[in-house]
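Given next are the chains, with one letter for each unit.
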Amino acid sequence: MVQVQALVEDRKLLSYPCATGFGISWCSHTDIMKLNHAVGKSIMNAGQKTAQIAARKIVHVDMDAFYASVECLDQPELKDQPVIVGGLGPRGVVATANYAARVFGIHSAMPMSRARRLCPQAQYIRPRMSRYQEISARIFSVFRDFTPTVEGLSLDEAFLDVTSSLKLFGGIEEIGLQVKQEIFNRTGLTASVGMAHNKFLAKLASDAHKPNGLVYVRPGEVFRFLDPMPVSRLWGIGKRTAPKLTALGILTIGQLRRCDVSLLRPVFGNRADHFHLLSRGEDDREVQSWRPDKSISHEVTFDTDLMDRGELLAELLRQSEKVSRRLRARELMARTVVVKIRDAGFRTVTRSRSMRAYSNSTRTLYRMSRALFESWRDQHRTTPVRLIGMGVTGLEHENSDGKAAGDRLDSSTERSLDQVLDRINQRYGDAKIFHGLALRRNKKER
Ligand code: TTP
């Protein structure tokens, strides 16, 4: 307790000059944010916890038409034209479209063939993941200048818990505005920013005035904000549940909120209370900066179905390289390998196997996925394959309690080889160097 008291005193001492906007020469902003965060967590009892949830300030940031905006940034002549990014083969799908293309009804996950019919004049571009990752790193470095508590949801989207940083930056609206401006300064791209006292509202707020939006839902304005929205805006209400609510005459979140919860039980079962809370704008989930990835995977749909074993293995090796590189970049290791195969008749099988220890080496993950693939192929020698994918689950941080590190399958030679390849690929861009077998498919693709 003495220690906590001392920390609290320190916190006052430290945060005073920040709150009044004076420079801090002897302590970085990040130090102060981390300290405030730690103090906030360490001295709470149950009552304070409820108060703390109510006092939370969350910012949700989502870049506008992310991949397409990066393409327009790199080719400014595309700026006012419809731009569609996605797979360009006959079975490709739209990853995203800029707002000029959305006017024509183009949206993510639409088959590219349909997009071409709706908007033949658009510029069609294949995704350049390494470029998006590079920009994403800059965006996330902006987030960490405002708070250590950042929960990334994808390359272009994150929640920031800025409760401990409010005094430092002058309030939540100032933080939202500054995050937006700083992202623009460092990347040249626009983001939509939502602010509220919980994650659910902050996310809806960032979406409310897209693109380039900045919306703060104040605690007293929740019902005014939520009530007119269709029920489908609530997480978890999809195509199956919405018609059941419509049958009850519930079309908007406001109608759901005013409805007696017992009426909702036949529709939602034991999740009725959860949805009723959401309709009132209540959500007590924390921003989880430590949340580990649950899985990492990669898959490809071929332009024409493949039967050749060598080509399929070459593709699996390429995927194993990508997946293992992503593991290594995040200092993760995996315990389980999964292979997914979809045949020409659209039957999909997944096969998985857990290893006796952890790995993030290309060679090991490829060996495992090859064995899984071969066990399928033994019974399907003449089956054409439409899609093949591999992934890993059972992830652990390399240094988590020494667990994964002490339980590692990979030899030091494998690790050194991977490190060299990672460095070359980092320096010269995506996949400039491959294991020999993977070249077989790369050549074919050119
Ligand atoms: P989103 O944030 O869902 O969308 P967006 O940034 O393109 O557009 P918006 O302004 O509406 O937020 O997705 C981020 C990126 O993720 C997107 O630019 C491309 C990629 N993506 C896919 O590859 N496939 C998909 O189905 C979706 C939804 C996104």
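None of these values were measured; they are calculated from a predicted model.

Participant: An account of the overall build of the protein chain is needed here, citing residue identities and associated values.
Facilitator: Per the secondary structure count, the protein chain includes 19 helices and 12 strands. When each of the 446 residues of the protein chain is scored for burial, the buried share is 33%. Here the contacts in the protein chain between residues at least 6 apart in sequence split such that 63% fall between residues at least 24 apart.

Participant: Report on the sheet that holds strand 1 (residues 58–63), specifying residues and quantitative values.
Facilitator: Across the sheet, which stays open at both edges, the five strands sit in the order 5-6-1-7-8 with mixed pairing between neighbours. Across the chains shown, the open sheet's two edge strands, defined by having one partner strand only, are strand 5 (150–154) and strand 8 (214–216). Each neighbouring strand pair of the sheet contributes to a mean axis angle of 15°, computed without reference to strand direction. Of the strands in this sheet, strand 1, strand 7 (191–196) and strand 8 are in contact with helix 9 (residues 172–187), which crosses strand 7 at around 165°.

Participant: Please set out the site of the ligand residue by residue, giving values where relevant.
Facilitator: As a structural note, the neighbourhood of the ligand is formed by 15 residues, with F66, Y67, A95, T96 and S108 the closest of them. Secondary-structure elements contributing two or more residues to the shell around the ligand are strand 1, helix 4 (66–74) and strand 3 (94–97). Partitioned by chemical class, the residues of the shell around the ligand number seven nonpolar, three polar and five charged.

Participant: Help me get a handle on the packing of helix 7 (residues 129–146) against helix 9, residues and values and all.
Facilitator: For the pair helix 7 and helix 9, interaxial distance at closest approach is 10 Å and the crossing angle is 145°. Relative to helix 9, helix 7 is oriented so that their crossing is right-handed. Along its contact with helix 7, which presents I135, R138, I139, V142 and F146, the element helix 9 presents I175, V179, E182, I183, R186 and T187. Along the lines of polarity and charge, the residues of the contact of helix 7 with helix 9 split into seven nonpolar, one polar and three charged.

Participant: Talk me through helix 9; I want residue IDs and the actual numbers.
Facilitator: Each α-helix winds once per 3.6 residues, and so residues spaced three or four apart point in a common direction. For helix 9, which comprises 16 residues, the first-to-last C-alpha distance of 22 Å matches the rise-based estimate of 22 Å (1.5 Å per residue) to within 8%. Every buried residue belonging to helix 9 is among I172, I175, G176, V179, K180 and I183, and all of these are buried. Taken end-on, helix 9 shows its buried residues confined to a sector of 130°, consistent with a single buried face. Within helix 9, the exposed residues directed more than 90 degrees away from the buried face are Q181 and N185. Its buried side turned inward, helix 9 meets strand 1, helix 7, helix 8 (166–169), strand 7 and strand 8. Residue G188 follows helix 9 closely and has a positive phi angle near 80°.

Participant: Can you lay out the sheet that holds strand 3 for me, pointing to particular residues and giving the numbers?
Facilitator: Note on sheets: strands pair through backbone hydrogen bonds, and any given pair is parallel or antiparallel. Judged by pairing direction, the sheet is mixed, and its three strands sit side by side in the order 3-2-4 without closing on themselves. What marks the edges here is a single partner per strand, and that holds for strand 3 and strand 4 (123–125). Within this sheet the neighbouring strands show an average axis-to-axis angle of 25°, counted without direction. Summarising the sheet, strand 2 (residues 83–86) and strand 3 pair through three bridges and their orientation is antiparallel.

Participant: Outline the confidence of the model for the protein chain, supporting the account with residue identities and numerical values.
Facilitator: Interpretation of this model should avoid reading the predicted coordinates in detail wherever pLDDT is low. With 81% of its residues at a pLDDT of at least 70, the protein chain reaches an overall mean of 84. Across residues 1–28, confidence stays below pLDDT 50; counting only partners more than four residues off in sequence or on other chains, it has 21 contacts. Across residues 401–405, confidence stays below pLDDT 50; counting only partners more than four residues off in sequence or on other chains, it has eight contacts.

Participant: Tell me about the packing of helix 14 (residues 261–268) against helix 15 (residues 272–279), residues and numbers included.
Facilitator: Contact pair helix 14 / helix 15: the axes reach a minimum separation of 8 Å and the direction vectors enclose 120°. In terms of orientation, helix 14 lies oblique with respect to helix 15. The interaxial crossing formed by helix 14 with helix 15 has right-handed handedness. Touching V261, L264, R265 and F268 of helix 14 are A272, D273, F275 and H276, all from helix 15. Grouping the amino acids of the contact of helix 14 with helix 15 by side-chain chemistry returns five nonpolar, one polar and two charged.

Participant: Before we move on, can you summarise unusual backbone geometry with the specific residues and values?
Facilitator: In this model, K210 is joined to P211 through a cis peptide bond whose omega is -10°. Note that P211 resides in the loop between helix 10 (199–208) and strand 8. At N212, a residue that is not glycine, the phi angle is positive and equals roughly 60°. Relative to the assigned elements, N212 resides in the loop between helix 10 and strand 8.

Participant: Hey, could you go over the environment of S69 for me, with residue numbers and the actual values?
Facilitator: Among the structural elements, S69 can be located in helix 4. Sequence spacing of S69 and A97 is 28 residues, and the spatial spacing of their C-alpha atoms is 8.8 Å. In this view, S69 contacts M63, D64, N98 and L189; residues no more than four positions away in its chain are not counted.

Participant: So what's going on with the pairing of strand 7? Which residues, and what values?
Facilitator: Each regular strand carries side chains that alternate between the two faces of the sheet. Within strand 7, six of the six residues are buried, which leaves the element mostly enclosed by the surrounding structure. Taking every second residue as pointing to the same face, both faces of strand 7 are buried, with A191, V193 and M195 on one and S192, G194 and A196 on the other. Note that strand 7 and strand 8 share three bridges and pair parallel. Bridged to M195 within strand 8 is Y216.

Participant: Any details on the environment of Y358? Residues and values, ideally.
Facilitator: As for its position among the elements, Y358 is in strand 11 (residues 348–359). Considered as a pair, Y358 and D410 are 52 residues apart in the sequence and their alpha carbons are 8.0 Å apart.

Conventions used here
- Residues numbered from 1 in each chain as written.
- Predicted model: local features only at pLDDT ≥ 70, side-chain atom pairs only at ≥ 80, totals over all residues.
- Helix = DSSP H or I, 4+ residues; strand = E, 2+ residues; numbered from the N terminus.
- Buried ≥ 20, exposed ≤ 12 C-beta atoms within 10 Å, placed from the backbone.
- Contact = placed C-beta atoms within 7 Å.
- Pairing = 2+ DSSP bridges.
- Axes fitted to C-alpha atoms, helices over the stretch in contact; angles between N-to-C directions.
- Near = placed C-beta within 6 Å.
- Nonpolar A, V, L, I, M, F, W, Y, C, P; charged D, E, K, R; others polar.
- Left-handed = near helix turned anticlockwise from the far one by under 90°.
- Expected span 1.5 Å × (residues − 1).
- Arc of directions from axis to C-beta.
- pLDDT = per-residue confidence, 0-100.
- Parallel < 35°, antiparallel > 145°, perpendicular 65-115°, else oblique.

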